[in-house]
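If you want the building blocks of each chain, they are given just below.
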Amino acid sequence: LWLGWLCASKQAKAHLKGNNPQAFPSTVVDTATAAAAAARPPPTLDIFPSWPLALHHHHTPKEGSNVTADSTDSESSSKNNINMDSSDHHHQQQQQQQGMVGLVTVAGQFHQISQQQHHQHQQQNMATSSTHSDRTGKAVDPKTTRRLAQNREAARKSRLRKKAYIQQLESGKLKLAQLEQDLQRARSQGLLVGGAPGGNSSPGAAMFDVEYNRWLDDDSRRMIELRGGLHAHLPDGDLRAIIDDTLTHYDELFRLKSAAARADVFHLITGMWATPAERCFLWMGGFRPSDLLKTLAPQLDPLTEQQMVGICSLEQSLQQAEEALTQGLEQLHQSLAITVAGSGSLSDDTNMGSFMGDMAVALGKLANLEGFVIQADNLRQQTLHQMHRILTVRQAARCFLAIGEYHNRLRALSSLWASRPREILMTDEGNCGELAY
Amino acid sequence: MDRVMKLASERAVVIFTLSSCCMCHTVARLFCDLGVNALVRELDQDPRGKEMERALLKMLGKGPSVPVVFIGGKLVGGTNRVMSMHLSGELVPMLRNAGALWL
């Protein structure tokens, strides 16, 4: 059956292409024209009588729609992003999703077209004789009148189809331009990793990225509120409420990260969720809390002696905890390396027997990475809570504002870096060349 | 359970671990860096290790089952609890009270 279609398609291709060179891409022509060609000798509606009823349901309405209204075709097509002719759309969509069903549908459409063209063909044959008789004033054959009417109808349908196709091309173009714009904006904000292949993104990672971006939006709103409250010299009670809210908001972030760690730990650990500049400082899937504390300490002045002791003690405990985690991770790395290397010789290819066993053990060890990211996040969360405990309300407000602003700057740095002019690099290379002498 | 509690009282600080567990190494390392001579009990080296692990899980309420830390014979908790307590400043006084730290 397939071979027959392929052979017939070559004949049908020439015929159809003569009439509509641009409307139908060659792939459509290849697969579907075969059906038209097959249908041409005896024009029947029931091309595939052996097909199940479900397909007939697809089959028959399409025939009806082709004759009645093109508007229905373009309506359903507009739901599809891809810009195509209405009949092409149906073909493409259904071909991808329903294989043979689509072919049946298109077969139906092309059957209609071929019938119309068949009539047109017959038309041309009759035209000379009928117009001749018109001019001479003789009675016009009613059959001829009907054929002329059908011809006009077919031409009208063809014009409408072409119009619909062009409209879809235009709307598709607009959509594409809009998408490109959105993508560009997102990239420039450092929200996306430029050009990362889609295959690298797991559903857990994609989900987290969406939630994280929403969290960032929320965060900037809270920063505005916090700054406003601080400068308006709100009473401590009100300010404390805003700070508590901010802390809860951070708790939410760590909850999201913990879920992401279980879904796709590598997304967190490689820092692909963060911007490049943030990734510089990446430690176990996030910022290093003792570093943040060291960076922010000067911003918290003036501190009482008791507060200073508290901050120093927190910093020291943090460093000890971070070191312990780092050592634990180091042990995991060594253990994993040993497992991957396997129990036999790597250069000896008769060692395939242990491969799956080694992989199974390695998989188990990899899973431990989740625990490390989660514990690191716990350190981050506890650091924020301890800061909140040690500092006064106003100090805490300034502290959280500082944290937010610091990360904003890192993100801004990332986008500036991404859009920096490259010519500067060229001059450097030139200078180096001269200096070599 | 009894065996767990018995072993937990053998020293001021007792950590139950599994030899393959890297987080256990983290916690042991933390106590070592604090100057504590903790007793590390590897459950997979113990003939009754499996039932002890089950008992510990029951005590904790939720996993992971190791590492579990006992200070002064009393249950403290897992990694998360120990780390949080250290950051809040509660861990060192507890260690001093149990006689695990002298400084």
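See above for the structure.
Residues numbered from 1 in each chain as written. Chains lettered and ligands numbered in written order. Predicted model: local features only at pLDDT ≥ 70, side-chain atom pairs only at ≥ 80, totals over all residues. Heavy atoms only, no water.

Things to note about the pairing of strand β4 (residues 74-77) of chain B
All names here are of chain B.
Here is step 1 of the chain: Bridge analysis of strand β3 (residues 68-71) against β4 gives three bridges, and the strand direction is antiparallel. Following the sheet pairing, Ile71 is matched in β4 by Lys74.
Here is step 2 of the chain: Here β3 hands over to β4 after two residues, with Gly72 in that stretch at a positive phi of 60°. (Pairing = 2+ DSSP bridges. Helix = DSSP H or I, 4+ residues; strand = E, 2+ residues; numbered from the N terminus.)

A look at the interface of chain A and chain B
Here is step 1 of the chain: Between chain A and chain B, the residue contacts involve 21 residues of the former and 16 residues of the latter.
Here is step 2 of the chain: Taken together, the two surfaces of chain A and chain B that pack against each other cover about 1,700 Å², and 63% of this comes from carbon and sulfur.
Here is step 3 of the chain: The largest contributions to the chain A side of the interface with chain B come from Gln320, Gln331 and Gln375 of chain A, which together make up 27% of the buried area.
Here is step 4 of the chain: At the junction of chain A and chain B, the tally comes to zero salt bridges. (Contact = heavy atoms within 4.5 Å. Buried area = accessible area lost by both parts, 1.4 Å probe. Salt bridge = Lys/Arg side-chain N within 4 Å of Asp/Glu carboxyl O.)

Considering the packing of aromatic side chains
Residues and elements named next belong to chain A.
Here is step 1 of the chain: Throughout the structure, instances matching the rule amount to seven aromatic pairs over all chains.
Here is step 2 of the chain: Their ring planes at 10° and their centres at 5.7 Å tell us that Phe208 and Tyr212 sit as a pair that is stacked. Of this pair, Phe208 and Tyr212 both sit in helix α8 (residues 203-231), four residues apart, which is roughly one turn of the helix. Of the two residues, Phe208 and Tyr212, both sit in the buried class.
Here is step 3 of the chain: Between Tyr212 and Trp215, the ring centres sit 6.4 Å apart and the planes meet at 10°, which makes this aromatic pair stacked. Of the two residues, Tyr212 and Trp215 both sit in helix α8, three residues apart, roughly one turn of that helix.
Here is step 4 of the chain: Here Trp215 falls in the buried class, since its relative accessible area comes to 5%. (Phe/Tyr/Trp six-rings, centres within 6.5 Å; stacked < 30°, edge-to-face > 60°. Buried < 20%, exposed > 50% of the residue type's maximum accessible area, 1.4 Å probe, protein only.)

Description of unusual backbone geometry
Here is step 1 of the chain: Asp301 of chain A connects to Pro302 of chain A through a cis peptide bond whose omega is -5°.
Here is step 2 of the chain: Examined against the element boundaries, Pro302 of chain A turns out to sit in the loop between α12 (289-296) and α13 (305-341).
Here is step 3 of the chain: Following Val66 of chain B, the chain continues to Pro67 of chain B via a peptide bond in cis, the omega torsion being 0°.
Here is step 4 of the chain: Tracing the backbone through its elements, the reader meets Pro67 of chain B in the loop between α3 (49-60) and β3.
Here is step 5 of the chain: Unusually for a residue other than glycine, Met284 of chain A sits at a positive phi of about 50°.
Here is step 6 of the chain: If you trace the backbone, Met284 of chain A turns up in the loop between α11 (276-280) and α12.
Here is step 7 of the chain: The exposure class of Met284 of chain A is buried, given its relative accessible area of 10%.

Considering the sheet that holds β3 of chain B
In any sheet, the strands associate via hydrogen bonds between backbone groups, in a parallel or an antiparallel arrangement.
All names here are of chain B.
Here is step 1 of the chain: The sheet built from four strands is open, its strands ordered β2-β1-β3-β4 with mixed pairing. Of all the strands in the sheet, the pair left with one neighbour each is β2 (39-42) and β4. The average undirected angle you get between the axes of adjacent strands in this sheet is 25°.
Here is step 2 of the chain: Helix-sheet contacts for helix α2 (residues 22-33) involve β1 (13-17), β2 and β3, and the interaxial angle to β1 is about 165°.
Here is step 3 of the chain: On the sheet, α3 packs against β1, β3 and β4 and is oriented at approximately 75° with respect to β3. (Axes fitted to C-alpha atoms, helices over the stretch in contact; angles between N-to-C directions.)

Comments concerning α8 of chain A
Here is step 1 of the chain: Here α8 of chain A contains 29 residues, and its C-alpha end-to-end distance of 42 Å stays within 8% of the 42 Å for a straight helix at 1.5 Å per residue.
Here is step 2 of the chain: Once α8 of chain A ends, the next one or two residues include His233 of chain A, with phi positive near 50°. (Expected span 1.5 Å × (residues − 1).)

Focus on the pattern of salt bridges
Here is step 1 of the chain: Within the structure shown, the criterion is met by 13 salt bridges over all chains.
Here is step 2 of the chain: The salt bridge involving Arg3 of chain B is made with Asp46 of chain B; its shortest N-O contact spans 2.7 Å. Remark: Asp46 of chain B occurs in the loop between β2 and α3 and Arg3 of chain B occurs in helix α1 (residues 2-8); sequence separation between them is 43 residues.
Here is step 3 of the chain: Salt-bridge contacts for Arg48 of chain B lead to Glu51 of chain B; the nearest nitrogen and oxygen are separated by 4.0 Å.
Here is step 4 of the chain: Each of the salt bridges in this network shares a partner with another, and the network as a whole consists of Glu153, Arg156 and Lys157 of chain A.

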